[in-house]
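# Chains, contacts and geometry: an overview
Each chain is listed here by its residues.
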Amino acid sequence: QVQLVESGGGWVQAGGSLRLSCAASGTFFIINPMSWYRQAPGKQRELVATITSAGSTNYADSVKGRFTISRDNAKRTAYLQMNSLKPEDTAVYYCNTSPGLPTWSWGQGTQVTVSS
């Protein structure tokens, strides 16, 4: 079973930037598409961005042009560079496999708080 550990969250003012990391154990990471998700208080978890094993990316409309997903297969780590952050980006951010695939156990997530 793959274990996922998210890190890099924090508090930032609107317009600021953060870089999230998702470290995965096991070799399945290398061949799996990976996604970042987020869950704001009182809301359902939503898909933010996806990257295939070959590096193709896709983004939710709400973050397109501001967030960049990437991965380093040698380090078994996925990243989410978040720029021009808005208060509505405040949420707990998680990584996991992409929609349509069996999910791994969810990590603890990393809290991102954006103040106006």
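Details of the structure are given in the entry above.
A few points on the structure. Every chain is numbered on its own, with residues counted from 1 as its sequence reads. Given that this is a predicted model, residues contribute local features only at a pLDDT of at least 70 and side-chain atom pairs are listed and counted only at 80 or more, while totals for whole chains, interfaces and linings are drawn from all residues. As a convention, hydrogens and water are excluded, and side-chain values are obtained from all of the structure's heavy atoms.

## What about the sheet that holds strand E2 (residues 10–13)?
How we decide: Any two strands with at least two DSSP bridges between them are considered paired. Numbering of helices and strands starts at the N terminus; helices are DSSP runs of H or I of at least 4 residues and strands are runs of E of at least 2. All axes are obtained by fitting lines to C-alpha atoms, using only the stretch in contact for helices, and the reported angles, taken between N-to-C directions, cover 0 to 180 degrees.
In spatial order, the strands read E2-E10-E9-E4-E5-E6; together these six strands make up an open sheet with mixed pairing. Every interior strand has two partners, whereas the edge strands, E2 and strand E6 (57–59), have only one. Shown here is a sheet whose adjacent strand axes are inclined to one another by a mean of 25°, direction ignored. Sheet topology places strand E4 (residues 34–39) next to strand E9 (residues 91–97); six bridges connect them, and they run antiparallel. When the sheet's bridge partners are listed, arginine 38 is paired in E9 with tyrosine 93.

## What to know about a nonpolar patch on the surface
Put simply, the rule reads: For patch detection, residues must exceed 30% relative accessible area and be free of salt bridges, and they are connected within 9 Å for like charges or within 5 Å for nonpolar side chains (Val, Leu, Ile, Met, Phe, Trp, Tyr). Reported accessibility uses the Shrake-Rupley method at a 1.4 Å probe radius. Residues are deemed covered only where the shown protein chains occlude them. Every case where a carboxyl oxygen of Asp or Glu lies within 4 Å of a side-chain nitrogen of Lys or Arg is listed as a salt bridge. A simple rule labels every residue: compare its accessible area, found with a 1.4 Å probe on the protein chains alone, to the largest value its type can have, and call it buried under 20%, exposed over 50%, or partly exposed in between.
Judged by side-chain polarity, Phe28, Ile30 and Ile31 come together as a nonpolar surface patch covering roughly 310 Å² of accessible area. Residue classification places isoleucine 30 among the partly exposed residues on the basis of a relative accessible area of 34%.

## So, the side chain of arginine 38
What counts here: Definition of a polar contact: a pair of N or O atoms within 3.5 Å, with one able to donate and the other able to accept a hydrogen when the atoms are protein atoms, and with sequence-neighbouring residues admitted only if both atoms are side-chain atoms. The contact definition used throughout considers only heavy atoms, calling two residues in contact when any of these lie within 4.5 Å.
Residue position: arginine 38 is located in strand E4. There is a polar contact of 2.6 Å between the side chain of arginine 38 and the side chain of glutamate 46. Polar side-chain contacts of arginine 38 include one of 3.5 Å to the side chain of serine 62. Look past the residues within four positions of arginine 38 in its chain and what remains in contact with it is Gln44, Arg45, Glu46, Val48, Ser62, Val63, Phe67, Glu88, Asp89, Ala91, Val92 and Tyr93.

## A short note on the sheet that holds strand E7 (residues 67–72)
Spatial strand order, E1-E3-E8-E7: four strands in an open sheet with antiparallel pairing. Strands with a single pairing partner mark the edges of an open sheet, and in this sheet they are strand E1 (4–7) and E7. Going across the sheet, the axis of each strand differs from the next one's by a mean of 15°, ignoring polarity. Where E1 meets strand E3 (residues 18–24), four bridges bridge the pair, whose relative direction is antiparallel. Considered in E3, the bridge of leucine 4 is made with alanine 24.

## Notes on the environment of arginine 45
Summarising the element assignment, arginine 45 is placed in the loop between E4 and strand E5 (46–51). Of the residues examined, arginine 45 reaches a relative accessible area of 33% and is grouped as partly exposed. Separated by 53 residues in sequence, arginine 45 and serine 98 have C-alpha atoms that sit 13 Å apart.

## Side note on the state of the cysteines
Heads up, the condition is: Note on disulfides: each one is a pair of cysteine sulfur atoms within 2.5 Å.
This structure, assessed with the given rule, holds one disulfide. The disulfide that involves cysteine 22 links it to cysteine 95, with 1.9 Å between the sulfurs. With the S-S dihedral at roughly 65°, the linkage between cysteine 22 and cysteine 95 falls on the right-handed side. Taken together, the positions of cysteine 22 in strand E3 and cysteine 95 in strand E9 put the pair 73 residues apart, joining distant regions of the chain. With relative accessibility at 0%, the residue cysteine 95 sits in the buried group.

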